[in-house]
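Now for the letters of each chain:
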Amino acid sequence: MGSMAQKSVLMLCGEFMEAYETILPLYFLQAFSVRVHCVSPGRKTGDKCVMAAHDLLGLEIYSELVVDHLTLNANFDEVIPEQYDAIIIPGGRFTELLSTDEKCVSMVARFAELEKIILTSCHSQLLLAAAGLLAGGMKCTAFESMKPLIELSGGAWWQQPGVKTVFDITQCVMDGKFISTLGWPTLGNTLRVLLESLGSKITCSKEIQPSLLFLIGDCVEDYSINVPFKAFQALGCKVDVVSPNKKKGDKCATIVHDLEEGRQLPTEKSSHNFYVTVAWEDVSVADYDCIVVPGGRSPELLVMNDKAVGLVKKFVEEGKFVAAIGMGNWLLAATGALKKKRCASGYGTKVAVKVAGGQILESERCVTDDKLVTAATTSDLPAFVYALSTALGLSVVF
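Cut-offs used in this document
Residues numbered from 1 in each chain as written. Predicted model: local features only at pLDDT ≥ 70, side-chain atom pairs only at ≥ 80, totals over all residues. Heavy atoms only, no water. Pairing = 2+ DSSP bridges. Helix = DSSP H or I, 4+ residues; strand = E, 2+ residues; numbered from the N terminus. 1 Å grid on protein atoms, 1.4 Å probe; cavity = no way out; pocket = protein on both sides within 12 Å on 5 of 7 lines; lining within 4 Å. Points joined across faces, edges and corners; volume = space filled by probe spheres on them. Nonpolar A, V, L, I, M, F, W, Y, C, P; charged D, E, K, R; others polar. Phe/Tyr/Trp six-rings, centres within 6.5 Å; stacked < 30°, edge-to-face > 60°. Buried < 20%, exposed > 50% of the residue type's maximum accessible area, 1.4 Å probe, protein only. Lys NZ or Arg CZ within 6 Å of the ring centre and 35° of its normal. Axes fitted to C-alpha atoms, helices over the stretch in contact; angles between N-to-C directions. Parallel < 35°, antiparallel > 145°, perpendicular 65-115°, else oblique. Left-handed = near helix turned anticlockwise from the far one by under 90°. Contact = heavy atoms within 4.5 Å.

The name an unreviewed UniProt entry gives the chain is DJ-1/PfpI domain-containing protein, with Brassica carinata as the organism.

Caption draft 1: Spotlight on the sheet that holds strand 14 (residues 220-221). Spatial strand order, 14-16-17: 3 strands in an open sheet with mixed pairing. Each of the sheet's edge strands pairs with one partner strand only, and the pair in question is strand 14 and strand 17 (267-275). Sheet topology places strand 14 next to strand 16 (residues 251-258); 2 bridges connect them, and they run parallel. Following the sheet pairing, Glu221 is matched in strand 16 by Ile255.

Caption draft 2: Structural detail: the layout of surface pockets. Roughly 950 Å³ of volume is contained in the largest pocket. For the largest pocket, the lining is made up of 34 residues, of which His257, Pro266, Tyr347, Thr377 and Thr378 are closest to its centre. Secondary structure elements with two or more residues in the lining of the largest pocket: helix 1 (19-31), strand 4 (48-55), strand 5 (63-71) and strand 16. Examining the composition of the lining of the largest pocket, we find that 4 residues originate from one element, strand 5, more than from any other. Of the residues that constitute the lining of the largest pocket, the class distribution is 14 nonpolar, 13 polar and 7 charged. Roughly 590 Å³ of volume is contained in the second largest pocket.

Caption draft 3: Seen up close, the environment of Ala31. Here Ala31 shows up in helix 1. With 356 residues separating them along the chain, Ala31 and Ala387 place their C-alpha atoms 8.8 Å apart.

Caption draft 4: Looking closely at the packing of aromatic side chains. Within this structure, the stated rule accounts for 5 aromatic pairs. On the basis of an interplanar angle of 75 degrees and a centroid distance of 5.5 Å, the ring pair of Phe28 and Phe32 is categorised as edge-to-face. Centre to centre, the rings of Tyr84 and Phe111 are 6.4 Å apart; their planes meet at 40 degrees, and the pair counts as tilted. Of the two residues, Tyr84 sits in the loop between strand 5 and strand 6 (86-89) while Phe111 sits in helix 3 (residues 102-113), which places them 27 residues apart along the sequence. Neither residue differs from the other here; Tyr84 and Phe111 are each classed as buried. Taken together, Phe214, Phe229 and Phe274 form an aromatic cluster joined through their ring pairs. Sitting above the plane of the Phe16 ring, Arg93 keeps its charged end 4.7 Å from the centroid. Positioned above the aromatic ring of Phe321 is the side chain of Lys371, whose terminal nitrogen or guanidinium carbon lies 5.4 Å from the ring centre.

Caption draft 5: Spotlight on the packing of helix 7 (residues 222-234) against helix 12 (residues 381-391). Remark: helix 7 packs on helix 12, axes separated minimally by 11 Å, with the N-to-C direction vectors making an angle of 40 degrees. Regarding the angle of helix 7 to helix 12, the classification is oblique. Classified by chirality, the crossing of helix 12 by helix 7 is right-handed. Residue-level inspection shows Tyr223, Ser224, Val227, Pro228, Ala231 and Phe232 of helix 7 in contact with helix 12, the latter providing Leu381, Phe384, Val385, Leu388 and Ser389. Counted by class, the contact of helix 7 with helix 12 contains 9 nonpolar, 2 polar and no charged residues.

This is the structure:
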């Protein structure tokens, strides 16, 4: 996918790692052919690690919600640091356990010795302290509770100045080969810094970077909004999120679906909140090149809202790009966007696509047909990000 020489990244995982800080870099890097190996001490390929969502839910400190699982795709004991270009350590409580694991600490220290890129997020800077890598005044940021530990370890605490709202939290910090970030709010910028550090070049065939509008409501699927939103932010695009019944700064609840053993259908679980970035009355179709409808149960809400249906129709009528993930096809079916179009579809939208005049390509997980891009499920997000970025004239080359 536009890569001359494949890059390799190791992701150090464990129980109760922060889901968003894990899935977003994993899917984003996979979208552009970066090989990512997910490993955990004492676990092997095919084993699962439970993930958690951390968010502010009205208490004095963040809450932890158990969400879904990540399936490991490599063996910890077979890791050779020399074969990787970077290591990513997501945030989450697993870092407390791993910081006392001699093999993990030694592995992180070895990546530093080899001058490989080390990306830490939220609480995983604990591994840097355990490996003695902060000594000497390394500039570092993290979740603010980590400040005393970073300073006691010899690091120099950095905090983004001028932050007044959640929309202002955008920056990570890089000191040498070390990238540190507060956590999931900053991941758009962080992924861009990571790409550049890996030697990538982001190009656009158009004079102006594309602009994307995401249309959501409550119970939108977490990854299908967060992954493409932050991915296109990382690619330098203007991205906005709108919801017909909410104003700028309002929250939309998100969900994840976790397929538990022995069940026919996945269990729905609450996840992170997502903040609307623009008021409905301030949206103009002329300001955007593409509208994206993520999955979850949000499309069921939107299809009953005339304003939401009308907005998608305007994008279709004006020849703009239209994209959907999973159940997002439900809304597109109601707007006529799928008529005589080839589509990808999960089982939940197959009937809707067919009665709306669409043609389902059963063997394809992501399909582009002219200015329509559809992905069958959330697990197809790497292919979706690549397909939509390509359609919009964007490319990432290493």
